[in-house]
Each structure stands twice: as structure tokens, then as C-alpha cells.
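# Secondary and tertiary structure notes
This is what each chain is made of:
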Amino acid sequence: MRFFPQAVGGLPGFPWGARPHRFSDMPETYEDVLIGRQDDLRRLDALLRAARESRGGALVLRGEPGIGKSALLRQSAESATGFLVLRASGAEFEMELPFAALHQLLGPVTGHLEALPAPHRKALEVAFGLDTGTPDPFLVGVASLGLLVETVRERPLLCVVDDAQWLDRASAKALAFLARRVSAESIALVFAVREPSPLPEFGGLPGHALRGLGAADARALLAAAVRAPLDEHVRARILAEARGNPLALVELPRTAGLAGMAGGFAEPDSIPGVIEQSFRARLALLPSAARLLVTVAAADPIGDPELLWRAAEHLGIDAAAAAESVPLVEFGARIRFSHPLARSAAYRAAAPEERRRAHGALAAATDPVTDPDRRAWHRAQAGAGPDEQVAAELEASATRAQERGGVAAAAAFLERSAALTISPVRRAERTLAAVRAKLSVGDFDAAADLLATVRTDDPGRAARADLLRGRLSFARRRGDEGPTAHLLRAAARLAATDPAWSRECSLDAVEMGLLLGGFEEVVEAVRETETRGDPVSGAAESGTAAPGTTDSGTAAPGTTAPETAAPETAALGKVAPGSPPSGTPAVLTGLISLVSDGHLTAGDILRPVVGDPGHEVWARRPSLGFMLATELWHFESLHGIAARAVTAGRESGSFHALPIALAMRATAAVHRGAFGAAAELISEEEAIADATGAAPLVYPRLHLAALRGRREEAVALFASVDHRMSLSVQWATAVLSNGLADYPAALKAARQAFEYGAIGTAGLALPELVEAAVRCGEPETAAAAHAALRQRTQAGRQAWGLGVEAYARALVTGDESAYQEAIDLLDDSSLVVYRARAQLLYGEWLRRQGRRRDARSALRLAHGTLSDLGMEAFAERAAGELRATGEQARSRTAQATDQLTMQEVHIARLVADGATSKEVAAKLFLSPRTVDAHLRNIFRKLGLTSRRQLRDLPGIRQGLSGGQA
């Protein structure tokens, strides 16, 4: 499949010859000389100068139509002496094909594909329709970067992309990725975006807003555009109505002719309307055949002259004669309008019947084998009413687009397919499929509009609509009803006909309640549905999201239909009487029991499934499994669920799933004491966030900062965090403050973290609350916190929880055997953080009992372990206790990684394990030159000169490859 016509010097048999027809009425001064744009040109020149010096970058030119964005792009391309210039542009009426614009841009340099690693080459070939398969969005971005890097080995590169607001979403994401990754390359990218832009991808890139021309410059441009003498009153009216818009200054005199302008103009709502009105007026003077040819050209966004010629022949148009009389269009190696507004004016000015004829001709001229999707799209636009055959073709096109990573394209195909469908049942199915696709690409308003059209009496279809409304409500954070109400309604609809799927919906609602608040109310509604099977109406909703409960980065919980549910769901609801539930029923029953009966009873139900990190229920709900493993203090499951989620995220290539999984695994690594491995995982998650323009997930950094105990670094991080993360910040503050022996601060923070009652985080806060309360002389608070902790750890019956409970019990009771019990229970390499804290508490207790010799032994062990782990605050606390016994603690040996950022630690460890710059670049979505720049910084900070020295440096090769994560 080919997305755009290859540039050719001439087209054999092309009726208007090798010399293209120019839009000769475009003023030479406007096209070739930019008046009043000196500052804008300087900004572009600076970008090009930096790129020549291998300091690449991007710039997004923003402004209203006609303000001069395209002219500046032309000027920058002409000024780029010695650069290879690649071009692409969006089109307003384009059917969305995934990666079409990216192919348009990179097509001229695909000769370098052979230089790429095989997986990267395959990714681009699939994305460009040159091979079969589903493109990996990670690899497409990295491979595009690699292709440009191979190209700039020959000379610097300038990429100019006009009308970027109309790019297909897959291309927009890939190009935004490139723009964030060329800082060390001889590559410049310039985008022109009409405001307001519907695409969020370019929001975080450097931007430059174009303003209207000043009065003097506007007069100068008008004088250059209209060489005839102008009445001063006419000139004043043109200047006033154009408001400094260059294209308006050129087009307004053509609207009614100079003689008629003194009386004023028609008054459209905006400057673009004025300009488009001028274009329409000029097109209205054309003969009917020429107007129809222009309509066909406007309806074909790829600008393929061969296709246009065949379509014109189908319509019986003498294309050669018609083209000679057409203004505003250049007929050459590619069909180009003088301005996007000229194209939209030509299309909108045509009567509906003419537009349908144009699309019909283009459909007839399009090869059904090599380009079935574009043919189907034109056939759909050519019809005046429902057509099941065309609807089926569009549905097939949606499937192909989905397979090639074009979810936005699939959504557009499905929406049009539904509109052309005759059968109400099939139309509802296609509409629901379109809604799912619209939600996936973030087009929430369109999804809501489509959902409003769904009418069905089928319980399953109605339930799917409710699930989609729940996802929409979650994504928008607004609506008459919260997301859990929709999920509960779906569960109630299905309770009688499909109890297995009903329970899946109920569990989705419960997970949503955990994330957004109102957990207990939702569980109560689910319990009533489970016991009575009655429809749920007016389900309880909490209007306020739980502070910090969305900081797992979790997306809307699963809304899986039966055909895509986990394999176990076929057996749900068929549990034999008296047998223990498993999978989804067990989790749902356990959560209901947790609210109604407490941890001990719920633990008997939840423990088997939570204790199995490979269970299929966690494949769909890893975040829920992570929270429950934390609540039951089950460390192996905590780590196992996170590790499995990372593997699944890598295999899926999901920009959404993998960052969440990496953040969970980084958090587990922190609690395992593998701070270096945690830093690597955090670095990778942040690299994905940076590459996609998303906000990084901060909670693993909070856990790492809290246990590392670097006061200034941690406090600065805590202060920078969004208020929605307040629950995690309170827990982290409690840990940090206990490490620093600031017990009043720890008591306040731990109490706030626990009192909210969130599953997972509240339980983690309990040992901090016990310790701080004991040190602050609040024994009743400490005893109550210990009792709550004991409920959770007894429910889990795991060494992690039992050991922590034992040292909390020792703090409350002063029982020496409880300290020893804790140390024995925590005698596992994965629990070293908590064993060291138990030894510290035991040593402190021994010193307070006057047993200095015994205290020194315990404190020496604690200090050594805490120092080696890098838990600086707790290590210093142990050192202070040792000094109080009369012994000087040994100084901590500085680690090589102490001076490095998280990203530098990650790069250093990858290189130390033998990775090349190209391999590191691919993993972290960087260019090889950027990796080399980071390596130079690493060498400078560590006093090294070679990669071999890096490999031999103690402490560097202790990351993920060492198995500590």
C-alpha cells in the first residue's frame, strides 16, 4: 500500500505537460518576501544554526489560518542551505490512515532502512503498509529516529510539517516522539499548527505563536498586493477588517473588487471566513467542468495526479482544458492548493450532489486490491443513504487499521460504517465498537455523542453500553453519574442472564471504588446485588476522589466483554455448592467480606488467590492485585504481580500498560532494598513518559526518597507532588521522619495516612504510626495501631507482615522476645530493609535497658546493613545510637551511583552489562548521540575514561541484571 505519490520529474501522458500550472494570481511579494516577520525568521534561523551544530530541536508555529505559518515553513526550507529537507502535511478531509503522514515525511529516505536493526526495519515496513503485521508503537518511534540518524550522517536534516492539526494520530505521536529525541542530532523539525488544535501531542513542544502584522507592515503588504491606486477610505477598511492577517490582506481586495469595497464587505464570523469567502467567490466564476475538477481535487487529500486524471476521465471531464482555467490549484507532480482554506472552500462550495459525484469518481479510480480502505472511504462519502455493502467494507477497513495500530482510523471507519448500516442490531454493534475506539484515542466528546445514539433491548449490549459509559465517566471525571454507577448497572443487567460477566462488572466497580473513593458503599451495593440479584439503582457514589488513591496510575478497570475475557471467566458462577470460590468470585467475595467481616475472615478467602501472582485474575487487574498483596503484606506476590505486568507490558508494546507496570515493579524493588534496580525502572518509566509527552508516575520515586532518607531531596519532591498524591506523600513523610528521628512529624503524617483507610497504603502506614506514637509517648495510639496491623498481617500469614507485626508488638509491649522473633522472621534477602529496621529498634531498646554491649552488636549490624542499602536517614540514626553506647560507627563508603541521576545510573548499568550506544538508545528512546553525551557526563562525574573502567567499577553492575529487582 502506498500512502502518497512518489515525487517524479514528469508524468508521461499528463495532459498539462511537464511544466505545472501555477497559481499565477498569488502575489509575488507575498510568496517570496515575508513582510514584518523578522523576529519569526530569527527564531527559525536559530533552530537551523543549532541543528548544524548537532543541537537539534523542534518548533511548533501556532496561529490562525492565513497568519503566515506556511510561508514561514517555505522560507525556512529555502534558508536551510546544505540541509536535506523532508516535507509532510495534514489534510482537513483526509480519511485517517495510521502512519500516513509519517510515511509521507520519511518516504524519500527509506533507502536507509537496510541500515536499521531487523526489528526496527520490520516495524517501519509494517507501519508503512509494506509488510504485514501489527506495528509496535515503541519500535516505530525508535526506528523512525534511527532512520533519521542514519540520514544525517550525510548532511543535516530539516523536517517541515504543515497543517499538523490534521495529521493522523499515529503519525502525530511518532513525530512528537521524534521532536523530543533529537537534541543531540543535526535534525530540526518545524510544525505549523492551526489554532485551536485538536491534537494534544504537540502541547509540550517548544512553540512560537504568530501574531498579526503591525499597522506599518500591514500597509506595506497591502501595497505590494494591490498595485493599483487605492482610495484611503478603502485602504482603511481593508486594514481594519484584515486585522493584520497577511492572507486576508491579499484576499480581501478580491472579495468584491476594488470599486465595491468602499461600501464594506460581507461580514463572516472570523478572518478565516473572510478568506474562504474570497476563495469561493473566485471559484464561482469557473466553468462547471473546472469547478467539478476542483471539487474532485479537494476530495482527494493525497494529491495523486494519476488518480485525479482517472477520476476526471470517469466523469467525462476534459482535464487538460479545465485545469488551464483553474486558479488556487497547482497541477503538477502533486496536486496542491495554494492554501488549506482554498481546499476547504472548494469542497464546501460544491453542492452535496457534486461532492458525492467527486467521491464516486475517486472510488471508481482507486484500485480495490492495493488501496481497499481509501476506496471504501470514497464509496461511503459517495452514498446518499444506508448501504450495507459499503458499511461492511468500512468495517473490514477498521479491522485492518486496528491491526496496523491505527485506532483513530478504526474509530473513523466504524463510525461511518454504523451510520450506513441498515440493521438496528448490527448498527448498535458497530456503534459500540466505534465508541470503544474513540475512547482509546481520547476522543471523549465523540464517544459520548455516539453512545447517546445506542438503543437496544438486549441485556448484553445494554451492559456493554453501560461499561463504556463508565469508562467515559472515569476518563472525563465528570457526568451526572460516577463511573461506578454505570458499572454496577451493567452488573445488574447481566445478573440473571450471564452471572459470570456480571461478577466481572461488579469487580470492576469495586476496583473503581478503590481508586476514586466510595469503596465501602460500592461493596455494599455489590453485596446486595449478589445476594438478591436485583437491579442496582441509585448506587452509592463518592463525589470526592481519594487523596492519593489514583497515584498508581491505574486506568479505568477492565470492561471486558465475554468474548475477550480471561479464560477462567467461562467457569465463573458455576462453583459447586460448598467449594471455595476462585479467581474473580474469590476476589469479589473476599472484598465484600473485608468490609463486612474484617481482615481475618476475608484473609481466608483472599489468601489463596492473592498468594498466586500468576493467577489469570491479576493479568487483567495487576493494580488491584498489587494493592491487595500490600494489604495482606504478601511480598512475593507484590513482586510477582509487578514482574508479570512488566513482561506483559513489554510484549504488548502498550504506552499505557508498561509505565504502570514499571512503576509497580520499581516500588517492589524499593521495599526489597534494591534501590539501584528501582532507579533503573523509574528511569525507564520516565523515558516512556518523556517520549510520549505524558506525566511520569511519581509514587515509586516517593517510596525511594522516603527509604533513602535524603532530607532535602525528599522534601523537595514531596512539595512538588500534585495534591491528589497526598496519601502517598503522607506515608512517605512518616517513613522519612521516623528515619530522621522527627517523631512528632512522623506521628502526624502516619495518622493521616492511616485514617483515610485506603487499601494498601493505610496498612503500610501502621508500623510507622506505632513507632512514632511510642516515641511520642502516646501508648494508646500505638496499641490501637498495632491491633489494626495485627489484623492485616494475621490475614496474610506471610513472613513480611508477621515480622513487621512482631517488632511493632515489641515496641508496644517491650517484650524482648518479640524483637528476636521479628529478626528471625525477616531473615530473608528480599526483606533486608525490614530486618535492618528491626535490628535498629532492638538495638535502641537494648541501649535504653542499659545493655550497652548487646546494643552495640545489634546496632552495628543494623548500621552496616542500612549503610550498604543506602538508607541514609536510618543509617545515621543507627550511628547516633552507636555513639551513645560509646562506639564510633564506620563511615559509609561512597557509592559510584551517588553522584548520578536516575537516567545516568540506568545508562551506566546498561553499558556496564555490555550494551552498545545503539542498544541503550533503543531501550530508552534516545538517539545514540544523546546516549554518548550522557556517557561523557558519567565519565566526568566518576573520573573514568573508558567503558571498561565502568564495567569494573564496584556498585555499577548491581541492577536488574543482578536479579535484585
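Residues numbered from 1 in each chain as written. Predicted model: local features only at pLDDT ≥ 70, side-chain atom pairs only at ≥ 80, totals over all residues. Heavy atoms only, no water.

## Quick look at the overall build of the chain
Selection rule: Under the scheme used here, helices are H or I runs from DSSP no shorter than 4 residues and strands are E runs no shorter than 2 residues, and both carry numbers assigned from the N terminus. Note on contacts: a residue pair qualifies if any of its non-hydrogen atoms lie within 4.5 Å across the two residues. Accessibility throughout is a Shrake-Rupley quantity obtained with a 1.4 Å probe, and a residue counts as covered only by protein chains that appear here.
In terms of regular secondary structure, the chain is built from 47 helices and seven strands. Considering only contacts within the chain whose residues lie at least 6 apart along the sequence, 70% involve residues at least 24 apart. When the accessible surface of the chain is summed, it comes to about 37,700 Å², and 50% of that surface belongs to carbon and sulfur atoms.

## Focus on the pattern of salt bridges
Counted only if it meets this: Salt bridge, as used here, is a side-chain nitrogen of Lys or Arg placed within 4 Å of a carboxyl oxygen of Asp or Glu. Each residue is placed in one exposure class: buried if its accessible area under a 1.4 Å probe, protein chains only, is under 20% of its type's maximum, exposed if it is over 50%, and partly exposed if it falls in between.
By the definition in use, this model includes 56 salt bridges. Taking the shortest distance from any N to any O, the salt bridge between aspartate 466 and arginine 469 comes out at 3.3 Å. Placement of the pair is aspartate 466 and arginine 469 together in helix α22 (residues 459-476), with a separation of three residues, close to one helical turn. Here arginine 751 and glutamate 778 are joined by a salt bridge, their closest N and O atoms 2.9 Å apart. Of the two residues, arginine 751 is situated in helix α36 (residues 743-756) and glutamate 778 in the loop between α37 (761-775) and α38 (779-796); the sequence distance between them amounts to 27 residues. Note on glutamate 778: relative accessible area 28%, which makes it partly exposed.

## Some points on the packing of helix α40 (residues 816-825) against helix α41 (residues 832-848)
The line we're drawing: Think of each axis as a best-fit line through the C-alpha atoms, taken over the contacting stretch in the case of a helix, with angles from 0 to 180 degrees between the N-to-C directions. Roughly parallel here means an angle under 35 degrees, roughly antiparallel means over 145, roughly perpendicular means 65 to 115, and every remaining angle is called oblique. The handedness criterion is simple: a crossing whose near helix is rotated anticlockwise from the far helix by less than a right angle is left-handed, and one whose near helix is rotated clockwise is right-handed. Three residue categories are used. Nonpolar comprises Ala, Val, Leu, Ile, Met, Phe, Trp, Tyr, Cys and Pro, charged comprises Asp, Glu, Lys and Arg, and polar comprises the others, including Gly.
Remark: α40 packs on α41, axes separated minimally by 9 Å, with the N-to-C direction vectors making an angle of 160°. The pairing of α40 with α41 is recorded here as roughly antiparallel in orientation. Like other packed secondary-structure pairs, α40 and α41 cross with a definite hand, here left-handed. Across the interface between the two elements, Glu816, Tyr819, Gln820, Ala822 and Ile823 of α40 pack against Arg835, Ala838, Gln839, Leu841, Tyr842, Trp845 and Leu846 of α41. Grouping the constituent residues of the contact of α40 with α41 by class yields eight nonpolar, two polar and two charged.

## Some points on helix α6 (residues 137-151)
The line we're drawing: What a helix is expected to span follows from its residue count: subtract one and scale by 1.5 Å.
The first and last C-alpha atoms of α6 sit 21 Å apart over 15 residues, in line with the 21 Å expected at 1.5 Å per residue. The buried fraction of α6 amounts to 12 of the 15 residues, a majority that puts the element mostly inside the structure. When α6 is considered as a whole, its buried residues turn out to be Phe138, Val140, Gly141, Val142, Ala143, Ser144, Leu145, Leu147, Leu148, Val149, Glu150 and Thr151.

## Some thoughts on the packing of aromatic side chains
Cut-off, in case you're wondering: Here a Phe, Tyr or Trp ring, Trp counted by its six-membered ring, pairs with any other such ring whose centre lies within 6.5 Å, and the pair is stacked when the planes are under 30 degrees apart, edge-to-face when over 60, and tilted otherwise.
A complete count under the given rule lists eight aromatic pairs for this structure. On the basis of an interplanar angle of 20° and a centroid distance of 6.4 Å, the ring pair of tyrosine 842 and tryptophan 845 is categorised as stacked. Of this pair, tyrosine 842 and tryptophan 845 both sit in helix α41, three residues apart, which is roughly one turn of that helix. A relative accessible area of 10% places tyrosine 842 in the buried class.

## As for the environment of lysine 438
So the rule is basically this: Two N or O atoms form a polar contact when they lie within 3.5 Å of each other; inside protein one atom must be a possible hydrogen donor and the other a possible acceptor, and for residues adjacent in sequence the pair counts only when both atoms belong to side chains.
Within the secondary structure, lysine 438 is located in helix α20 (residues 424-440). Expressed as a C-alpha distance, the spacing of lysine 438 and alanine 409, which sit 29 residues apart in the sequence, is 9.6 Å. For lysine 438, the residues in contact, after removing those within four places along its chain, are Ala411, Glu415, Asp443, Ala446, Ala447 and Leu450. Within the structure, the side chain of lysine 438 is placed 3.0 Å from the side chain of glutamate 415, a separation counted as a polar contact.

## A look at unusual backbone geometry
Backbone geometry at serine 54 places phi at a positive 60°, although glycine is not the residue there. Counting through the fold element by element, serine 54 comes out in the loop between α2 (38-52) and β1 (57-63). Its identity is not glycine, yet arginine 797 carries a phi of approximately 55°, on the positive side.

## A look at a negative patch on the surface
Operational definition: For patch detection, residues must exceed 30% relative accessible area and be free of salt bridges, and they are connected within 9 Å for like charges or within 5 Å for nonpolar side chains (Val, Leu, Ile, Met, Phe, Trp, Tyr). His residues and chain termini do not enter the charge count, which takes Lys and Arg as positive and Asp and Glu as negative. For charged residues, the charge sits on one atom: NZ in Lys, CZ in Arg, CG in Asp, CD in Glu.
Taken together, the side chains of Glu636, Asp824, Asp827 and Asp828 make up a negatively charged region of the molecular surface. Within the fold, aspartate 827 resides in the loop between α40 and α41. Note on aspartate 827: relative accessible area 58%, which makes it exposed.

## Focus on the side chain of histidine 786
Mapped onto the secondary structure, histidine 786 falls in helix α38. Excluding its chain neighbours within four sequence positions, the residues that come into contact with histidine 786 are Val770, Glu805, Ala808, Arg809 and Val812.

## A look at the nonpolar core
The criterion, for reference: By nonpolar core we mean a set of buried residues, namely Ala, Val, Leu, Ile, Met, Phe, Trp, Tyr and Cys, connected to one another through side-chain atoms within 4.5 Å.
Judged by nonpolar contacts, the single largest core of 210 residues is most densely connected at Phe191, Phe202 and Leu950. Sequence-distant contacts of phenylalanine 191, defined by excluding residues within four places in its chain, comprise Ala58, Leu59, Val60, Leu61, Val161, Ala164, Leu175, Ala179, Phe202 and Leu205. Counting residues in each nonpolar core, the second largest holds 52 residues, with Leu249, Leu283, Phe331 and Ala361 among its members.

## Topic: the pairing of strand β4 (residues 187-194)
Under the convention used in this document: Two strands are counted as paired when DSSP detects at least two bridges linking them. By convention a crossover is right-handed if, when the strands point away from the viewer, the path from the first strand over the helix to the second runs clockwise.
With eight of eight residues buried, β4 lies mostly within the body of the structure. Burial of β4 is two-sided: the residues Ile187, Leu189, Phe191 and Val193 facing one way and the residues Ala188, Val190, Ala192 and Arg194 facing the other way are all buried. The pairing of β1 with β4 spans seven bridges and is parallel. The residue of β4 that forms the bridge with glycine 63 is arginine 194. With five bridges joining them, strand β3 (residues 157-162) and β4 adopt parallel strand pairing. Directly across from valine 160, in β4, lies its bridge partner valine 190. Handedness of the β3-helix α7 (residues 169-179)-β4 crossover: right-handed.

## What to know about the packing of α20 against helix α21 (residues 444-451)
It is at 8 Å that the axes of α20 and α21 come closest, and there the two elements cross at 165°. With respect to α21, the axis of α20 lies roughly antiparallel. Taken as a pair, α20 and α21 cross one another with a handedness that is left-handed. Contacts from Thr431, Leu432, Ala434, Val435, Lys438 and Leu439 of α20 reach α21 at Phe444, Ala446, Ala447, Leu450 and Leu451. Its residues assigned to classes, the contact of α20 with α21 shows nine nonpolar, one polar and one charged.

## Some remarks on the sheet that holds strand β5 (residues 207-209)
Pairing within the open sheet is parallel, and its five strands lie in the order β2-β3-β4-β1-β5. Of all strands in the sheet, those with a lone pairing partner are β2 (84-89) and β5, marking the two edges. The mean inter-strand angle of the sheet, taken between neighbouring strand axes irrespective of direction, is 15°. Where β2 and β3 come together, six bridges link them in parallel fashion. Looking at β3, one finds that serine 89 is bridged to aspartate 162. Across the sheet, helix α3 (residues 69-79) touches β1, β2, β3 and β4, and the angle it forms with β3 is around 165°.

## So, the environment of alanine 311
For alanine 311, the location among the structural elements is in helix α13 (residues 305-315). Counting along the chain gives 18 residues from alanine 311 to leucine 293, while the straight-line C-alpha distance between them is 9.0 Å. Beyond its immediate chain neighbours, meaning those up to four positions away, alanine 311 contacts Val296, Ala361, Leu362 and Ala365.

## Notes on the confidence of the model for the chain
Detailed conclusions should not be drawn from predicted coordinates in areas where pLDDT is low. This is how it is decided: pLDDT gives the predictor's per-residue confidence on a scale running from 0 to 100.
Here the chain shows a mean pLDDT of 83. Residues at 70 or above account for 86%. Per-residue pLDDT stays below 50 along residues 258-268; that stretch engages in 21 contacts with residues further than four places along the chain or on separate chains. For residues 959-964, every residue scores under 50 in pLDDT, and the model assigns this stretch 13 contacts once sequence neighbours within four places are set aside.

## Examining the side chain of glutamate 185
The residue glutamate 185 is located in the loop between α7 and β4 in this model. A relative accessible area of 1% places glutamate 185 in the buried class. Glutamate 185 has contacts with Ala51, Ser54, Arg55, Gly56, Val149, Val152, Ser927, Pro928, Arg929 and Thr930, leaving out every residue within four places of it along the chain.

## Digging into the environment of valine 721
Its place among the elements puts valine 721 in the loop between α34 (711-720) and α35 (726-739). Given a relative accessible area of 15%, valine 721 falls into the buried group. Between the C-alpha atom of valine 721 and that of valine 698, which follows or precedes it by 23 residues, the distance is 7.8 Å. Beyond its immediate chain neighbours, meaning those up to four positions away, valine 721 contacts Val698, Leu702 and Val729.

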